[in-house]
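Here is how the chains run, residue by residue.
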Amino acid sequence: MAQRNERTALALAVMDLIDEGHRQISRRLDLTRVRILALVGEQGPIRPSAIAASLGLTASSTSRHLGALEQADQIEFAADPDDNRTFLAQVTASGRADSVATVEAGTAAFATVIADWPDEDVATARRLIERLNTGWIERRRTDIPLTRPGAGPRWRRSVEKS
């Protein structure tokens, strides 16, 4: 029973961390766009389907975010020489500068939150969070549902029964 309580407490603490972090930055930027911009900067030129697969996004969500990033002059598109049905996204100079500035601002804000932590605690937290992130990635790869059976939108439940 104690193990379950600790796991529940950890899950709740992580949810609080995500909620508080999101609340602090969501008014200023879109985290999905930041992730797409970083991925395109690291791996571009890249197809939208590869972006969606890498970040676990739907095709329509990826298209919507890419359109917004293009409109903001952070991403540009080029023809895909291997497949004329799609295109390649690549980061612009403006997009690269914005990405670097966003990471630097986020790092600086986070540093103020943990400024009084000893180096050993910072290293331990980093290792544990990396382990947690690896677990989430593995969960996505094995496609384990996050909700209980029968939960979710009514249309999805009727499709699952078919």
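Keep in mind that what you see is a predicted model, and the values were worked out from it rather than measured.

(A) Region of interest: the pattern of salt bridges. Evaluation of the coordinates by the stated rule reveals three salt bridges. A salt bridge links Arg-47 to Asp-80, with the nearest nitrogen and oxygen atoms 2.4 Å apart. Separated by 33 residues along the polypeptide, Arg-47 in the loop between helix 2 (31-43) and helix 3 (48-55) and Asp-80 in the loop between strand 1 (75-79) and strand 2 (87-91) bring together distant segments of the chain. Here Arg-47 falls in the partly exposed class, since its relative accessible area comes to 30%. The exposure class assigned to Asp-80 is buried, which follows from its relative accessible area of 7%. For Glu-130, the salt bridge goes to Arg-126, with nearest N and O atoms at 3.0 Å.

(B) Examining the layout of surface pockets more closely. Its boundaries defined by the atoms lining it, the second largest pocket holds a volume of some 380 Å³. Around the second largest pocket, the lining comprises eleven residues; the ones closest to its centre are Ala-11, Val-14, Leu-132, Trp-136 and Arg-139. Contributions of two or more residues to the lining of the second largest pocket are made by helix 1 (2-25) and helix 6 (119-142). When grouped by side-chain class, the residues that make up the lining of the second largest pocket number eight nonpolar, one polar and two charged.

(C) Focus on the nonpolar core. One finds Ile-36, Leu-37, Leu-39, Val-40, Ile-46, Ile-51, Leu-55, Leu-66, Leu-69, Ile-75, Ala-89 and Val-91 forming the largest nonpolar core, which totals twelve residues. Per-element tally for this core: the top contributor is helix 2, with four residues. Discounting residues that sit within four places of it in the chain, Val-40 has contacts with Ile-46, Ile-51, Ile-75, Ala-89, Gln-90 and Val-91.

(D) Representation of unusual backbone geometry in the model. Along the chain, Gly-44 connects to Pro-45 via a cis peptide bond; the corresponding omega equals -5 degrees. Position of Pro-45 among the secondary structure elements: in the loop between helix 2 and helix 3. Despite not being glycine, Asp-73 has its phi angle at roughly 60 degrees, a positive value. Checked against the element boundaries, Asp-73 lands in the loop between helix 4 (59-71) and strand 1.

(E) Structural detail: the packing of helix 2 against helix 5 (residues 93-113). Across the interface, helix 2 lies against helix 5 with an axial gap of 10 Å and an inter-helix angle of 120 degrees. Judged by the inter-axis angle, helix 2 sits oblique to helix 5. When you trace helix 2 past helix 5, the crossing you get is left-handed. Seen from helix 2, the contacting residues are Val-34, Leu-37, Ala-38 and Gly-41; seen from helix 5, they are Gly-95, Arg-96, Ser-99 and Thr-102. Taken together, the residues of the contact of helix 2 with helix 5 sort by class into three nonpolar, four polar and one charged.

Cut-offs applied
Residues numbered from 1 in each chain as written. Predicted model: local features only at pLDDT ≥ 70, side-chain atom pairs only at ≥ 80, totals over all residues. Heavy atoms only, no water. Salt bridge = Lys/Arg side-chain N within 4 Å of Asp/Glu carboxyl O. Helix = DSSP H or I, 4+ residues; strand = E, 2+ residues; numbered from the N terminus. Buried < 20%, exposed > 50% of the residue type's maximum accessible area, 1.4 Å probe, protein only. 1 Å grid on protein atoms, 1.4 Å probe; cavity = no way out; pocket = protein on both sides within 12 Å on 5 of 7 lines; lining within 4 Å. Points joined across faces, edges and corners; volume = space filled by probe spheres on them. Nonpolar A, V, L, I, M, F, W, Y, C, P; charged D, E, K, R; others polar. Core = buried A, V, L, I, M, F, W, Y, C linked by side-chain atoms within 4.5 Å. Contact = heavy atoms within 4.5 Å. Axes fitted to C-alpha atoms, helices over the stretch in contact; angles between N-to-C directions. Parallel < 35°, antiparallel > 145°, perpendicular 65-115°, else oblique. Left-handed = near helix turned anticlockwise from the far one by under 90°.

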